[in-house]
Amino acid sequence: MAQRILIVEDNKDNRQLLSQLLKYQGYAVLEATNGEDGIAMAKEHKPDLILMDIRLPVMDGLTAIKTLKHDPETKHIKIIAVTAFAMKGDREVILGIGADGYISKPIDTKELAEIVKNFTVE
């Protein structure tokens, strides 16, 4: 069975790009457009990895990451923040709240493939 990756991204173009890249690599992809739906899908589907945008409607990605990492049901799921927040110190803040990895936008597709591979190797 293919490993499942949940993409939580409100921008349709970014979501489609991530989805296509991951499906091409052989992953099963789930999608959510806001942090609240991302949490619900993570609880329901128990993905192997979550790619979480930070600036999201309804519930931002930072709050969603904190919520997932503090819930015994989902705290084991690896989360990579995928964000345009690329100022000095943003990476440390995002990793400090519980994200397991960080990718800045615009997305380098080769870098994304390698990072995802590193997080999904069994």
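Residues numbered from 1 in each chain as written. Predicted model: local features only at pLDDT ≥ 70, side-chain atom pairs only at ≥ 80, totals over all residues. Heavy atoms only, no water.

A.B. asks: Please explain the nonpolar core as it appears in this structure.
C.D. replies: It is characteristic of soluble globular proteins that their nonpolar side chains tend to be buried jointly. Counting 22 residues, the largest nonpolar core has Leu6, Val8, Ile50, Met52, Ile65 and Leu68 as its most contacted members. Looking at this core, the elements with two or more residues in it are strand 1 (4-8), strand 2 (28-32), helix 2 (35-45), strand 3 (49-52), helix 3 (61-70) and strand 4 (78-83). By size, the runner-up hydrophobic cluster in this structure holds 15 residues, among which are Ile5, Leu51, Leu112 and Ile115. (Core = buried A, V, L, I, M, F, W, Y, C linked by side-chain atoms within 4.5 Å. Buried < 20%, exposed > 50% of the residue type's maximum accessible area, 1.4 Å probe, protein only. Helix = DSSP H or I, 4+ residues; strand = E, 2+ residues; numbered from the N terminus.)

A.B. asks: Please clarify how the pairing of strand 3 should be interpreted in this entry.
C.D. replies: Consecutive side chains along a regular strand alternate between the two faces of the sheet. Of the two faces of strand 3, the one holding Leu49 and Leu51 and the one holding Ile50 and Met52 are both buried throughout. With four bridges joining them, strand 1 and strand 3 adopt parallel strand pairing. Its bridge partner lying in strand 3, Ile5 is registered against Leu49. Of the pairings in the sheet, the one linking strand 3 to strand 4 comprises four bridges and is parallel in character. The residue bridging Met52 from the neighbouring strand is Ala81, located in strand 4. Handedness of the crossover joining strand 3 and strand 4 through helix 3 is recorded here as right-handed. (Pairing = 2+ DSSP bridges. Right-handed = clockwise from strand over helix to strand, strands pointing away.)

A.B. asks: Explanation requested: the sheet that holds strand 1 in the structure shown.
C.D. replies: Whenever strands of a sheet pair, they do so through backbone hydrogen bonds, lying parallel or antiparallel. Here five strands make up an open sheet; going across it, the order is 2-1-3-4-5 and the pairing parallel. The open sheet terminates on both sides in strands that have one partner only, identified here as strand 2 and strand 5 (101-104). Sheet twist, expressed as the average angle between the axes of neighbouring strands with direction ignored, equals 20 degrees. Relative to strand 2, strand 1 runs parallel, the two being bridged by five bridges. Residue Arg4 lies in a different strand from strand 2, and its bridge partner there is Ala28. Lying over the sheet, helix 3 contacts strand 3 and strand 4, oriented at roughly 160 degrees with respect to strand 3. (Axes fitted to C-alpha atoms, helices over the stretch in contact; angles between N-to-C directions. Contact = heavy atoms within 4.5 Å.)

Treat this as a map of the structure, not an account of what it does.
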